[in-house]
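A look at the structure
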2 protein chains.
Amino acid sequence: LGSAGRGGWEMAAWARAVRGLLLDISGVLYDSGGDGGVPIAGSVEAVRRIKASGLKLRFCTNETQATREKFVKKLQGMGFDISVDEVTAPAPAACRILKERSLRPHLLVHNDLVPEFAEIDKANPNCVVIGDAAENFTYANLNEAFRVLIGMEKPVLISLGRGRYYKETDGLKLDVGAYMKALEYACDVQAEVVGKPAKMFFESALAEMGVPPEQAIMIGDDIVNDVGGAQRCGMRALQVRTGKYRPCDENHPHVKPDAYVNNLAEAVDIILQQL
Amino acid sequence: LGSAGRGGWEMAAWARAVRGLLLDISGVLYDSGGDGGVPIAGSVEAVRRIKASGLKLRFCTNETQATREKFVKKLQGMGFDISVDEVTAPAPAACRILKERSLRPHLLVHNDLVPEFAEIDKANPNCVVIGDAAENFTYANLNEAFRVLIGMEKPVLISLGRGRYYKETDGLKLDVGAYMKALEYACDVQAEVVGKPAKMFFESALAEMGVPPEQAIMIGDDIVNDVGGAQRCGMRALQVRTGKYRPCDENHPHVKPDAYVNNLAEAVDIILQQL
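Residues numbered from 1 in each chain as written. Chains lettered and ligands numbered in written order. Predicted model: local features only at pLDDT ≥ 70, side-chain atom pairs only at ≥ 80, totals over all residues. Heavy atoms only, no water.

**Topic: the overall build of chain A**
Scanning chain A from terminus to terminus reveals nine helices and 14 strands. Expected size for 275 residues packed as a compact globule is a radius of gyration near 19 Å; at 19 Å, chain A falls within 12% of this value. With respect to the three principal axes, the spread of C-alpha positions in chain A is 55 × 40 × 35 Å. Looking at chain A as a whole, 60% of its 275 residues qualify as buried. A sequence separation of at least 24 residues applies to 64% of the contacts in chain A between residues at least 6 apart. For chain A, the accessible surface area stands at approximately 11100 Å², while carbon and sulfur atoms represent 48% of it. (Helix = DSSP H or I, 4+ residues; strand = E, 2+ residues; numbered from the N terminus. Rg over C-alpha atoms; globule rule 2.2 N^0.38 Å. Buried < 20%, exposed > 50% of the residue type's maximum accessible area, 1.4 Å probe, protein only. Contact = heavy atoms within 4.5 Å. Areas by Shrake-Rupley, 256 points an atom, 1.4 Å probe, with all protein chains shown as cover.)

The following block contains the structure:
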């Protein structure tokens, strides 16, 4: 498997060994937006074909604007064959960490994500958890999260992802990573990232799928968080030319996908041909 | 001059050679706040005593929430003997750079700073200028500045200061540096900083005062931007224990003031005694 040529790739041993796929959601399955978003052409059918092929499949997302229940329902409404227990997402992973370490979070997250933290003690916070809070990234809320952090003897900042930006139907938006950097700088701390590209996050998705990294392919639109992160785990990774993809990604100084594909449908065409 | 003891310092040759003082404004002269702010005890009188002593004096501020005219008027209203042409501030310095390099800014600044850019062409922007926009740091405005930057072939980000936070009467607030970091990260660019701690900024303040760095003392509340920046220019620098000062500043890993003082009044007492 080399770079995608006109209508096909060269064959590669690793592509024939594939047993499982990890799919990013936003920018791969659909383009999100204030209106709820629209499926990317061919992606609904592509997910069905993966499931029919016998390949293992898991959705691996940094989505933190809604509970898994809520965004899975939205995807089902678009026609996607997807269920909550097929999704690896940062908030449940963060809840495990909070419980393990007796951390009580001050939350700077999207209103719709708050129910994921329903069972977590949030009184007298000893850490800040930041997600893609979107409209909740107000001047007042950022100052409040900052004051909670700077008031701690040893500030603990947990970030649900470290994305730079993403694309909605009405344009590019700053992602959680930008606000994480603002708080990191203001408090002179380093955030602990839960979600892609953290190695532990990919590893838990692989474990849930029961496939070793060398037999799995990640398909995503984010050159750093999807492609770079998966490759550092020993997986192969394809970048789709949908979602936040930009042509200059193909000259990224550090990360080179194992192949480019125009979209998920093309990736699935080619992968299924190699089986 | 060593560390401030009970009521006095050890004598030091450099303190006796002093010919000019650079004073930070917010946190040294007064504590700012939504109500306009309150003078720090003894500071009004301290400024008068400096002027009476024959020492040269210049105010060196990263204030970008208002035009110089406006905040100087506010300080005069508190009783301070200060005039616009005694103030070195980032916005006029940025305007010089914009003109020299034919840059047309998209402004992400406080409404009250906009008049400083009145004579600058802002059509079809080819750079972003960010200041302490305060309430203008909305989610929408940050996304807009980001989109302007990411749309450029080679993004140019000019930041009026790089402060982490400052103190107002109602609490600590994130400063421009935090938002600068957010945009730097999202666009993978490095901002050009105009204002403290940039060396050129201190040098222009010294030139305006007509005093070489080794005969000047900076007095500020910011360990990095006031103290560290001035020291890198060859000046001595005192940190006041007012404004944003925090006890842990005294363990800063990289920056050590030439002395601590409880406030501006104490600094002036001691400096005038050494003359």
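**Structural notes on the sheet that holds strand 8 (residues 157–160) of chain A**
One key point about sheets: their strands pair by backbone hydrogen bonds, in either a parallel or an antiparallel sense. Residue and element names in this part refer to chain A. Taken in spatial order, the four strands line up as 6-7-8-11 in an open sheet, and their pairing is parallel. Unpaired on one side and paired on the other, strand 6 (105–108) and strand 11 (192–194) mark the two borders of the sheet. With strand direction ignored, the average angle separating the axes of adjacent strands in the sheet is 25°. Strands strand 6, strand 7 (127–130) and strand 8 of the sheet are contacted by helix 5 (residues 139–150), whose axis makes an angle of about 160° with strand 6. (Pairing = 2+ DSSP bridges. Axes fitted to C-alpha atoms, helices over the stretch in contact; angles between N-to-C directions.)

**What about the interface of chain A and chain B?**
Contact with chain A, which involves 29 residues of that partner, is made by 29 residues of chain B. Summed over both partners, the interface of chain A with chain B comes to about 2800 Å²; 61% of that surface belongs to carbon and sulfur atoms. Taken as a group, Y139, L174 and Y185 of chain A account for 31% of the area that chain A buries against chain B, more than any other trio of residues on that side. Considering each element in turn, the side of chain A that touches chain B owes the most residues, eight residues, to helix 6 (residues 176–187) of chain A. For the side of chain A that touches chain B, the per-class residue count stands at 16 nonpolar, four polar and nine charged. (Buried area = accessible area lost by both parts, 1.4 Å probe. Nonpolar A, V, L, I, M, F, W, Y, C, P; charged D, E, K, R; others polar.)

**Focus: the relation of the copies chain A and chain B**
When chain A is brought onto chain B, the operation consists of a screw motion whose angular component is 180° and whose axial shift is 0.0 Å, with 0.0 Å RMSD remaining. Between the two chains, the operation in question is that of a two-fold axis. In this assembly, 100% of the residues forming the interface of chain A have copies in chain B that are likewise at the interface, indicating an isologous arrangement. (Least-squares fit on C-alpha atoms with pLDDT ≥ 70 in both.)

**Regarding the nonpolar core**
Formed by 56 residues in total, the largest nonpolar core has its most connected members in F146 of chain A together with F146 of chain B. Contact partners of F146 of chain A, with chain neighbours within four places excluded, come to L183, A186 and C187 of chain A together with Y165, L172, K173 and L174 of chain B. (Core = buried A, V, L, I, M, F, W, Y, C linked by side-chain atoms within 4.5 Å.)

**Some thoughts on the sheet that holds strand 14 (residues 259–261) of chain A**
All names here are of chain A. In spatial order, the strands read 5-4-1-12-13-14; together these six strands make up an open sheet with parallel pairing. The sheet is open, and its two edges are formed by strand 5 (87–88) and strand 14, each paired on a single side. In terms of strand pairing, strand 12 (residues 216–220) meets strand 13 (residues 236–240) through four bridges, oriented parallel. The residue bridging M218 from the neighbouring strand is A237, located in strand 13. Strands in contact with helix 7 (residues 199–209) are strand 1 (20–23), strand 4 (56–60), strand 5 and strand 12; relative to strand 4, the strand with the most contacts, it is inclined by about 150°.

**Some thoughts on the packing of aromatic side chains**
The relative placement of two aromatic rings is captured by the distance of their centres and the angle of their planes. On inspection of all chains with the given rule, the structure shows four aromatic pairs over all chains. A ring pair is formed by F137 of chain B and Y179 of chain B, whose centres lie 3.7 Å apart and whose planes are at 10°; its orientation type is stacked. Taken together, the residues F137 of chain B in the loop between strand 7 (127–130) and helix 5 (139–150) and Y179 of chain B in helix 6 (residues 176–187) connect sequence positions 42 residues apart. Side by side, F137 of chain B and Y179 of chain B carry an identical accessibility label, which is buried. Its guanidinium or amino end placed over the ring of Y185 of chain B, R164 of chain A lies 4.5 Å from that ring's centre, counting from NZ or CZ. (Phe/Tyr/Trp six-rings, centres within 6.5 Å; stacked < 30°, edge-to-face > 60°. Lys NZ or Arg CZ within 6 Å of the ring centre and 35° of its normal.)

**Observations concerning the domain arrangement of chain A**
Residue and element names in this part refer to chain A. Assigned domains within chain A: domain 1 (15–62 + 196–273) and domain 2 (99–193). One C-alpha centre belongs to domain 1, the other to domain 2; they are set 26 Å apart. With 14 residues of domain 1 in contact, the opposing surface of domain 2 contributes nine residues. Overall, the association of domain 1 and domain 2 removes approximately 970 Å² of surface from exposure, summing both partners, and the carbon and sulfur fraction of that is 49%. At the boundary of domain 1 with domain 2, the tally comes to zero salt bridges. Where domain 1 meets domain 2, there are one residue pair in polar contact (both at pLDDT 80 or more). (Domains from an automatic or database assignment. Salt bridge = Lys/Arg side-chain N within 4 Å of Asp/Glu carboxyl O. Polar contact = N/O pair within 3.5 Å; in protein donor to acceptor, adjacent residues only side chain to side chain.)

**Notes on the pattern of salt bridges**
Two side chains of opposite charge can pair, provided their charged atoms sit close to one another. Following the criterion strictly, the structure yields 31 salt bridges over all chains and no others. Put simply, R58 of chain B and E208 of chain B hold a salt bridge, and the shortest N to O gap is 3.0 Å. Here E208 of chain B lies in helix 7 (residues 199–209) and R58 of chain B lies in strand 4 (residues 56–60), a separation of 150 residues in the sequence. Of the residues examined, R58 of chain B reaches a relative accessible area of 8% and is grouped as buried. With relative accessibility at 44%, the residue E208 of chain B sits in the partly exposed group. Note that R241 of chain B is salt-bridged to E250 of chain B, the shortest N-O span being 2.9 Å. One salt-bridge network, in which partners are shared between bridges, spans D24, K196 and D226 of chain A.

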